[in-house]
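Understanding the architecture of this molecule
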Amino acid sequence: MSEIHGAVGSYVANALDPDERREFEKHLAVCPTCSREVAEFSETAAELSSLVQAPPPPMLRSAVLSSIQQVRPLPPLPEDGPEAEPRRAAGMARTEPDGSSAPVDELALRRQRRTARVLSLAVAAAMVVALAMGGWVVNLVQQRQTQAAEAALETQLLSAPDAKVYASKMPDGTPVSFVVSKSMSKAMFVGADMPDPGGDQLYKLWMVPPGAGAQPVGDNTFSGGGSRKVWMQSGIADAAGLAVSVEKDANTPQPTTTPVVVPI
Amino acid sequence: MNMNISAGFGSGDTPRAGHRTTQLPSQTGQPPPSRGRDAEAEHLIDLITRASRGHEDAFAELYDLTSARIYGLIVRVLRSAEHSAEVTQEVYVEIWRQSARYDSSKGSVLAWMTTMAHRRAVDRVRSVTSETARDEKYALRTVDRDVDQVWDGVEQTLDVERVRKGMGSLTAIQREALTLAYFGGYTQSQVAQLLKLPLGTVKTRIRDGLIGLRDALGVEA
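Residues numbered from 1 in each chain as written. Chains lettered and ligands numbered in written order. Predicted model: local features only at pLDDT ≥ 70, side-chain atom pairs only at ≥ 80, totals over all residues. Heavy atoms only, no water.

1. Let's talk about the interface of chain A and chain B
With 70 residues of chain A in contact, the opposing surface of chain B contributes 79 residues. Across the interface of chain A and chain B, roughly 6800 Å² is buried in total on both sides, 60% from carbon and sulfur atoms. Considering only the surface of chain A that becomes buried against chain B, Glu43(A), Glu47(A) and Leu51(A) emerge as the three largest contributors, covering 11% of it. Where chain A touches chain B, the interface holds four salt bridges. Arg162(B) is the salt-bridge partner of Glu47(A), the closest N and O atoms lying 3.3 Å from each other. At the junction of chain A and chain B, the tally comes to 20 residue pairs in polar contact (both at pLDDT 80 or more). Mapped onto the side of chain A that touches chain B, the elements with two or more residues apiece are α1 (8–12), α2 (18–28), α3 (32–48), α4 (58–68), α5 (86–89), α6 (106–112) and α7 (121–133) of chain A. Residue contributions to the side of chain A that touches chain B peak at 11 residues, all from α3(A). For the side of chain A that touches chain B, the residue count by class is 40 nonpolar, 14 polar and 16 charged. (Contact = heavy atoms within 4.5 Å. Buried area = accessible area lost by both parts, 1.4 Å probe. Salt bridge = Lys/Arg side-chain N within 4 Å of Asp/Glu carboxyl O. Polar contact = N/O pair within 3.5 Å; in protein donor to acceptor, adjacent residues only side chain to side chain. Helix = DSSP H or I, 4+ residues; strand = E, 2+ residues; numbered from the N terminus. Nonpolar A, V, L, I, M, F, W, Y, C, P; charged D, E, K, R; others polar.)

Set out below in structure tokens:
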């Protein structure tokens, strides 16, 4: 038994550090014995969960069922694909084919929000849900009331081949994101739990053309106090950046406070 | 859990017959696996398959049948109700999203789901831990109690009893290494530090623990 083979138990128990894991997965791809053992141990480990059963909070059920309404199940993997990822084959569905990480969670977001980051489309759907929820207690009513047409458009945006999510944060730390498809020339602003900016102020969205100042875009003002999704439906194809700022005057032609800008 | 029964499930467009024809091929020298467990496993495959076609009611039932295990596991690893609810929700949304990619020839639905949940919980533990270094002394002090808590105070169902017996068949060190790694969310290197054992030994104990448990449970992959 090679030494690497001995790590199979730790692999299933998720007890490898990232380097060890990568090394083991390389081995796993070419070792049928280990693949088999991973499959068997995964069944064994699943049985361990019977020892620690605990009823989840009742709210969680409705939160889960509400959030899946906005997520489209992925199509099956192509059959007999020789590239079928070994990890998924072993029941370890987690990373996406492009190797990006699984949907970013709130904590990760908080860590990363200093710099706007591009995330792959693969994580977009789950992220929009996570963002719109701002935690696990969803604004259920709001989610249910999402217009069907809007939901369809949202799906369209998220399935655009060039769709990207740019995450950033407001000066007060509130995480915000822009989901952008240049091919559709559309973008959606997503803010989890946007606080009321106070004093009759509003949030206003902007488009930044290349080499020019910010311009208002679309139906572009909204108030705080909850999760917000706002469409930006024109001129996105040519934009160099998108921005959001806090404004007193909804009709101001330029931002009067420092906007949060994400280059796109 | 005999996966052969369900391997051909892919064509499950036809409505289920009133009773199931899950005749097991006779297995010489082995007691037949319990019918109830097989039927349960098969039912979960049915639910995930329907969920993959967008049936939210099937997914709701899947949630009802599995959430105590999934949430329980996540709580056990994370020890934070707030984080656990959040991670559990993420896991179920991911299960819904990936539902068409579940392949019954590769293992049970429960193993597939548990793997995802455990991985997510451990990722969260490590991302939190990297910011607020975990108190290893606390961990050490509570190792024994942890193991006991896993043993005692759990619901006395047949299933639980089986697994408890399986864990009981391991050596103390195998059990401890496996418990710290799987329920504690520690890396094998951390387990080695906690138990003051060489890494190679810990690695072997974790694997041996799983082998022992697998054999005791008679799990078929």
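Right, picking up where we left off after that structure.
2. As for the packing of helix α7 (residues 172–182) of chain B against helix α9 (residues 199–217) of chain B
Residue and element names in this part refer to chain B. For the pair α7 and α9, the least separation of the axes is 8 Å and the interaxial angle reads 100 degrees. As far as their axial angle goes, α9 and α7 are roughly perpendicular. Where α7 approaches α9, its residues Ile 173, Gln 174, Ala 177, Leu 178 and Ala 181 are matched on the opposing element by Arg 205, Ile 206, Asp 208, Gly 209, Leu 210 and Leu 213. Residues that form the contact of α7 with α9 fall into these classes: seven nonpolar, two polar and two charged. (Axes fitted to C-alpha atoms, helices over the stretch in contact; angles between N-to-C directions. Parallel < 35°, antiparallel > 145°, perpendicular 65-115°, else oblique.)

3. Here's the deal with the state of the cysteines
Think of a disulfide as a covalent bridge from one cysteine sulfur atom to another cysteine sulfur atom. Residue and element names in this part refer to chain A. Counted by the stated rule, this structure contains zero disulfides over all chains. Unpaired in terms of disulfides, Cys 31 finds its nearest cysteine sulfur in Cys 34, a separation of 3.6 Å. By relative accessible area, which is 0% here, Cys 34 ends up buried. (Disulfide = S-S within 2.5 Å. Buried < 20%, exposed > 50% of the residue type's maximum accessible area, 1.4 Å probe, protein only.)

4. Points about the packing of aromatic side chains
The geometry of an aromatic ring pair is captured by two quantities: the separation of the ring centres and the angle between the planes. Residue and element names in this part refer to chain A. For the structure on display, the rule yields nine aromatic pairs over all chains. On the numbers, 5.4 Å between centres and 70 degrees between planes, the contact of Phe 178 with Phe 189 is edge-to-face. Here the residue Phe 178 occupies a position in strand β3 (residues 175–181), and Phe 189 occupies one in strand β4 (residues 186–194), the gap between them amounting to 11 residues. Pair check on accessibility: Phe 178 and Phe 189 agree, each one buried. Members of the aromatic cluster, connected to one another through ring pairs, are Phe 178, Phe 189, Tyr 203 and Phe 222. (Phe/Tyr/Trp six-rings, centres within 6.5 Å; stacked < 30°, edge-to-face > 60°.)

5. So, the nonpolar core
Ranked by internal contacts, the top residues of the largest apolar core, which has 76 residues, are Phe24(A), Leu48(A), Phe59(B), Leu62(B), Ile95(B) and Leu178(B). If sequence neighbours within four positions are ignored, Ile95(B) has contacts with Ile48(B), Phe59(B), Leu62(B), Trp112(B), Met113(B) and Met116(B). Tyr166(A), Met170(A), Phe189(A) and Met207(A) belong to the second-largest nonpolar core, a separate cluster that totals 23 residues. (Core = buried A, V, L, I, M, F, W, Y, C linked by side-chain atoms within 4.5 Å.)

6. Some words on the confidence of the model for chain B
Residue and element names in this part refer to chain B. Averaged over chain B, the pLDDT score is 77; the fraction of residues at 70 or greater is 69%. The low-confidence segment residues 1–34, where pLDDT is below 50, has 44 contacts with residues more than four positions distant or belonging to other chains. For residues 131–156, every residue scores under 50 in pLDDT, and the model assigns this stretch 34 contacts once sequence neighbours within four places are set aside. (pLDDT = per-residue confidence, 0-100.)

7. As for the side chain of Ser50(A)
Tracing the backbone through its elements, the reader meets Ser50(A) in the loop between α3 and α4. Among the residues examined, Ser50(A) registers a relative accessible area of 2% and is labelled buried. In this view, Ser50(A) contacts Arg69(B), Asp159(B), Val160(B) and Val163(B); residues no more than four positions away in its chain are not counted.

8. A look at the confidence of the model for chain A
Residue and element names in this part refer to chain A. Counting all residues, the mean pLDDT for chain A is 73, and 69% of those residues have values of 70 or more. Low pLDDT (under 50) marks residues 81–127, which in the prediction has 97 contacts with non-local residues, meaning those over four places away or in another chain. The low-confidence segment residues 132–147 (pLDDT under 50) makes 36 contacts with residues lying over four places distant or belonging to another chain.

9. Description of the environment of Gly200(B)
Turning to its location among the elements, Gly200(B) is positioned in helix α9. For Gly200(B) and Gln188(B), which are 12 residues apart along the polypeptide, the C-alpha to C-alpha distance reads 9.1 Å.

10. Considerations on the packing of α4(A) against helix α3 (residues 81–98) of chain B
One way to put it is that α4(A) packs onto α3(B) with a least axis distance of 9 Å and a crossing angle of 35 degrees. The interaxial crossing formed by α4(A) with α3(B) has right-handed handedness. Here Leu60(A), Ala63(A), Val64(A), Ser67(A) and Ile68(A) of α4(A) come into contact with α3(B), specifically with Ala85(B), Thr88(B), Gln89(B), Tyr92(B), Val93(B) and Trp96(B). A class-by-class count of the residues in the contact of α4(A) with α3(B) yields eight nonpolar, three polar and no charged. (Left-handed = near helix turned anticlockwise from the far one by under 90°.)

11. Points about the pattern of salt bridges
Residue and element names in this part refer to chain B. For the coordinates displayed, the defined rule picks out 16 salt bridges over all chains. Close ionic contact of Arg 124 with Glu 86 constitutes a salt bridge, the shortest N to O distance being 3.4 Å. Separated by 38 residues along the polypeptide, Arg 124 in helix α4 (residues 109–129) and Glu 86 in helix α3 bring together distant segments of the chain. The residues Arg 124 and Glu 86 share a single accessibility class, namely buried. Across the pair Arg 119 and Asp 123 runs a salt bridge, and its minimum N-O distance is 3.8 Å. Pair noted here: Arg 119 and Asp 123 are both in helix α4, with a separation of four residues, about one helical turn. For Arg 119, a relative accessible area of 9% puts it in the buried group.

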